[in-house]
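Chains, contacts and geometry: an overview
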Amino acid sequence: QASINSCSGIMSSQGSEHGGLVGPDAQYVRLISSDGHEFIIKKELALTSGTIKAMLSGPGQYAENENNEVNFREIPSHVLQKVCQYFTYKVRYTNSATEIPEFQIAPEVALELLMAANFLDC
Amino acid sequence: YLDMSLANTLSAMSRQGGASSSTGTNRMRIRAFPTAMDEAYVDQTLTMLQTAIKEIQKKNNGGLSFEELYRNAYTMVLHKHGEKLYNALRDVVRQHLKDSIRKNVSASMDDRFLTTLNSAWSEHTTAMVMIRDIFMYMDRVYVEQQKCEPVYNLGIGIFRDEIVRQDRVSDHLKKVLLDMVADERAGITIKWDGIKTACAMLVALGIENKHVYEVDFEAPFLKDTAEYYKAASQKFLEENCASVYVQKVETCISDETDRAMRYLDKDTKNKLLQVLEDVLVSQHMQTVVDMENSGLKAMMRDDKVAELRSLYHLLRRVPNGLNVMTSCMSEYLRSIGEKLVDDVEGVGTDASDAAAAAAKKDPVKFIQELIDLKDRFDHFLKDAFDNDSNFKNKIQSDFEFFFNKNKRSPEFLSLYIDDKLKKGQKCLNDNEMESMLDRSMVLFRFLSEKDAFEKYYKQHVAKRLLLDKSVSDDAEKQMITKLKTECGCQFTQRLESMFKDKEIWSTLQSNFKEYSAAHPGVLQMEVSVRVLTAGIWPTQSAAPQCVLPDSCQDAFDHFKNYYTGAHNGRKITLNTLLGSADIKATFYGATPNADELSQQETEAGPSSRDPVPKRKEEHKILQVNTHTMILLMRFNIRPKFTFEQLKADTQIPERDLQRCLQSLSMGKPAQRILLRKGKGKEIEDQDEFSVNDLYTSKLTRIRIQNITNKSETEPERKETRNKIDEDRKHEVEAAIVRIMKARKSLQHNDLVVEVTEQLQSRFKPDPILIKMRIESLIEREYIKRSEDNHRIYQYQA
């Protein structure tokens, strides 16, 4: 079981339908890792990834837009978790006047995270 | 980017070299790279992707998973199958367009054509965006590396090649679009957003540039437009007058601009305007400007300022448009100006004809009309031509041209000012005076012979001051200040000196009175004297020395004594030209036999007669000028004189004497002091003059006006002209010497140029005059010719 991260904007999945998940104006999206872990994060943060952005804001209607959820068949949860943290970090510190801390990456995760990043274009 | 941070971390890791650490939990987990894909898997993936694309193109994308498609494309590229992927993509897109879309489009070559084509285009672009998103990784990596066409552009290119460039689609499209435009021009409402989409499509099809749009639509559109308006403009011209044509053109331009902004590509607007301006304006501007009864000249004549303004703004758009206008305006202005000049010179009529001479215009009126003309054109310049400098300069050069055509303009301008500054005219308040003087200065600037003006102005000022005719000293001084500002001190020095003299007169007069009181018994009459400094005041070249009556001569001597006593070392002489006198005259009335009596008298010489008075004697006071006074006093000695005798006795110059006698005997009946016996219009030597004892008048004090010409007579003019030429000779020489002194050595042409430049504010020196002056200076050894080069002069100290 992956640990529950206390970063803001990430809630551990409880399978409940939060009001902000349904419909085209939904504020949240559901990202599902290859091992079934669901991450529900603010849509705005997820759009940091070019791939997710094209998926959700492009002109086409895909299965993903319909349900506001994306299944990442090749990204495991420990990686996806880190990715979500990165989204938060990125949005928080872009165009920020305060000092920017380093984004911590554990060496074990590094390689897989790199590949996910390449995939997600972020 | 995350992958950047990761790259840093990884390189940090590799620097650390090795991964394992003592604690077990820190083992780096490296997932094995996916194994190479085998042939079958590759083909399978490709097929899957192609199917997906087909679905997208058919708008069936709802059920597809972006992630899956994206991931597959990503994997393909990762495994170095980018090329296969790229080609497969291209093929499937092309296939779809070829098979379904082309058919649709060809099938609708009728009024559904535009809608069909536009919707095919819009669907295609939407699909391509989606496809591009899916293949984003390939775009980023493979396309970058191979430098081939990105996915989206690839799709556009395929559309262009498979649809637009097939089956005469582009021709048909062009026809449809142009027809729609023509309809709209004819007033039919069209669905113009169809055109807008089509144009946007054509622009997009060019990918890097707008070439497709330009070739397929823009160029034929512009050509069409040109032809349409060529025909339309002919029609407009035939049916309408100039101002309506201008309005129509403006409407067309604004309509077309509207159209361009509404549904054409933004760059087309300027090209369109270019075409319109060329066809509607440049081609026809000469015709419009020259149009009889409604063109530029007519507009000016009828003061149609608004029309002029529209015409100006229209013609300003095209190169050379304004030149056409200024040439025409110049023609018009010159013709008016020249007519005014001809009128005042009496050209075109027989000058010997008395009626024509009378029709010859009054100089003052001439100047006033010129001033009015300038005002009129200034008004045009401001209200219609936006103070455009082209027009301003043209007007100026035109005025200079015809104003200087009349050789007497300097004199006339001075006369005009004289008229305004003389007493007896309508009283001008300060503002009016100022504005009148300013306007005169405007004309003054146009004169090329400013030194001639100076001469005349001096003469006229002198007359005004001496005869006390000036309406106000302030006004005079104002004018002098203006001249000084314009031309510098040299111009106005003499004038200011004249004023200084004038200011002393009253002091002089009161001092003289005291002196007379101290020496009683000498003066038999009241005398008032004005002293003029010689050389300052313009006088005729030789002040005539007439024979004064004794009483007058005594009075003058008396004054002379006073003056030379008061001012040591000065000499004064009397100038009789501008003085005036009051004479007491007694008219004895006449007997019925007056004629017989007078005849007897000539035979028998003067004898006392016993007139039987039919009426009482009349006592009058006559105000006359000095010469008239002199000649009238002669009649105290004898009752009759011939012209010849009078000439000899008084020594008054002949011309002057004639004038005096004319006003006394041939003028208005109220002034006929003398009787003249003689034939012919002009006074001859043998004409006889006697006192008109029958003279009567209601007034006690009668002023005898001299018949003078306001302006100069021929001989006077010649004299003034000679003086001016003399002065010019001196000025040219002074300029030459000045220049040579500074330059030491100068070539002939350069010297001429410099001299002309220096003198241009006064007059335009003739190069021949300059050459003659140079020769004269060489003779007098001011300058010499250089030994090696005859064209070079050198200064001789």
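Before going into details, it helps to say that this report is about the structure given with it. Treat the numbers as computed from the prediction; the structure is a model and nothing was measured.

Another aspect to go through is the overall build of chain A. A tally of helices and strands in chain A yields five helices and four strands. Counting over 122 residues, chain A shows a buried share of 48%. Once local pairs closer than 6 in sequence are excluded, the contacts in chain A between residues at least 24 apart make up 61%. As displayed, chain A has an accessible area near 6000 Å², and 48% of this comes from carbon and sulfur atoms.

The next point concerns the sheet that holds strand β4 (residues 674–677) of chain B. Residue and element names in this part refer to chain B. Reading across the sheet, the three strands line up as β3-β5-β4 and stay open at both edges, with antiparallel pairing between neighbours. Either end of the sheet is taken by a strand with one partner, and the two such strands are β3 (640–642) and β4. Each strand axis lies, on average, 25° off the axis of its neighbour in the sheet, ignoring direction. One ladder, built from three bridges, connects β3 with strand β5 (residues 688–691); its direction is antiparallel. By the bridge assignment for β5, K640 is matched with S690. Along the sheet, helix α28 (residues 643–650) makes contact with β3 and β5, crossing β3 at roughly 90°.

Before going further, it helps to examine helix α3 (residues 66–78) of chain B. All names here are of chain B. Across its 13 residues, α3 extends 18 Å between first and last C-alpha, which sits within 8% of the 18 Å expected from 1.5 Å per residue. Within the sequence span of α3, burial applies to F66, E67, L69, Y70, R71, N72, A73, Y74, T75, M76 and V77. Of the residues trailing α3, K80 is marked for its positive phi of about 65°.

Before going further, it helps to examine the nonpolar core. Judged by nonpolar contacts, the single largest core of 186 residues is most densely connected at A:L31, B:F135, B:M325 and B:F385. Those residues in contact with B:F385, other than ones at most four positions away along the chain, are B:M300, B:L308, B:Y312, B:M325, B:M329, B:F380 and B:F391. Counting 29 residues, the second largest nonpolar core, distinct from the first, contains B:L632, B:I683, B:F689 and B:Y695.

Moving on, we come to the pattern of salt bridges. Residues and elements named next belong to chain B. One pass over the structure, following the stated rule, counts 59 salt bridges over all chains. Linking K223 and E227 is a salt bridge whose minimum nitrogen-to-oxygen distance equals 3.9 Å. Pair noted here: K223 and E227 are both in helix α10 (residues 211–239), with a separation of four residues, about one helical turn. With relative accessibility at 56%, the residue K223 sits in the exposed group. Ionic pairing is found between R259 and E256, a salt bridge with its closest N-O pair at 2.5 Å. Note that R259 and E256 are positioned in helix α11 (residues 242–263) at a spacing of three residues, about one turn of the helix. Residues R259 and E256 agree in their burial class; the two are buried. Salt bridges sharing common partners tie together E184, R185, E256, R259 and R262.

Moving on, we come to the packing of helix α8 (residues 169–185) of chain B against helix α9 (residues 192–205) of chain B. Residues and elements named next belong to chain B. Following both chains from N to C, one finds α8 and α9 inclined at 140°, their axes separated by 11 Å at the closest point. Between α8 and α9, the crossing angle belongs to the class labelled oblique. The element α8 and its partner α9 pack so that their crossing is left-handed. Packed against α8, whose contacting residues are L173, L177, M180, V181 and E184, the element α9 presents W192, I195, A198, M201 and L202 at the interface. Partitioned by chemical class, the residues of the contact of α8 with α9 number nine nonpolar, no polar and one charged.

With that settled, consider the environment of B:L759. Residue and element names in this part refer to chain B. Along the chain, L759 falls in helix α31 (residues 748–759). Under the relative-accessibility criterion, L759 is labelled buried at 4%. On a C-alpha basis, the gap between L759 and V732 in space is 7.8 Å, while along the polypeptide they are 27 residues apart. Those residues in contact with L759 that lie beyond four places of it in its chain are E731, V732, A735 and P765.

On to the packing of aromatic side chains, then. Using the criterion set out here, one finds 32 aromatic pairs over all chains in the structure. Between the aromatic rings of A:Y86 and A:F103, the centroid separation amounts to 5.4 Å while the plane-to-plane angle is 75°, which identifies the pairing as edge-to-face. Separated by 17 residues along the polypeptide, A:Y86 in helix α4 (residues 77–93) and A:F103 in the loop between α4 and α5 (107–120) bring together distant segments of the chain. Its relative accessible area of 3% is what places A:Y86 among the buried residues. By relative accessible area, which is 12% here, A:F103 ends up buried. Taking the centre distance of 4.8 Å and the plane angle of 70° together, the rings of B:F512 and B:F559 count as edge-to-face. Taken as a pair, B:F512 in helix α24 (residues 489–518) and B:F559 in helix α25 (residues 550–566) lie far apart in primary sequence, 47 residues in all.

So, how was this worked out
Residues numbered from 1 in each chain as written. Chains lettered and ligands numbered in written order. Predicted model: local features only at pLDDT ≥ 70, side-chain atom pairs only at ≥ 80, totals over all residues. Heavy atoms only, no water. Helix = DSSP H or I, 4+ residues; strand = E, 2+ residues; numbered from the N terminus. Buried < 20%, exposed > 50% of the residue type's maximum accessible area, 1.4 Å probe, protein only. Contact = heavy atoms within 4.5 Å. Areas by Shrake-Rupley, 256 points an atom, 1.4 Å probe, with all protein chains shown as cover. Pairing = 2+ DSSP bridges. Axes fitted to C-alpha atoms, helices over the stretch in contact; angles between N-to-C directions. Expected span 1.5 Å × (residues − 1). Core = buried A, V, L, I, M, F, W, Y, C linked by side-chain atoms within 4.5 Å. Salt bridge = Lys/Arg side-chain N within 4 Å of Asp/Glu carboxyl O. Parallel < 35°, antiparallel > 145°, perpendicular 65-115°, else oblique. Left-handed = near helix turned anticlockwise from the far one by under 90°. Nonpolar A, V, L, I, M, F, W, Y, C, P; charged D, E, K, R; others polar. Phe/Tyr/Trp six-rings, centres within 6.5 Å; stacked < 30°, edge-to-face > 60°.

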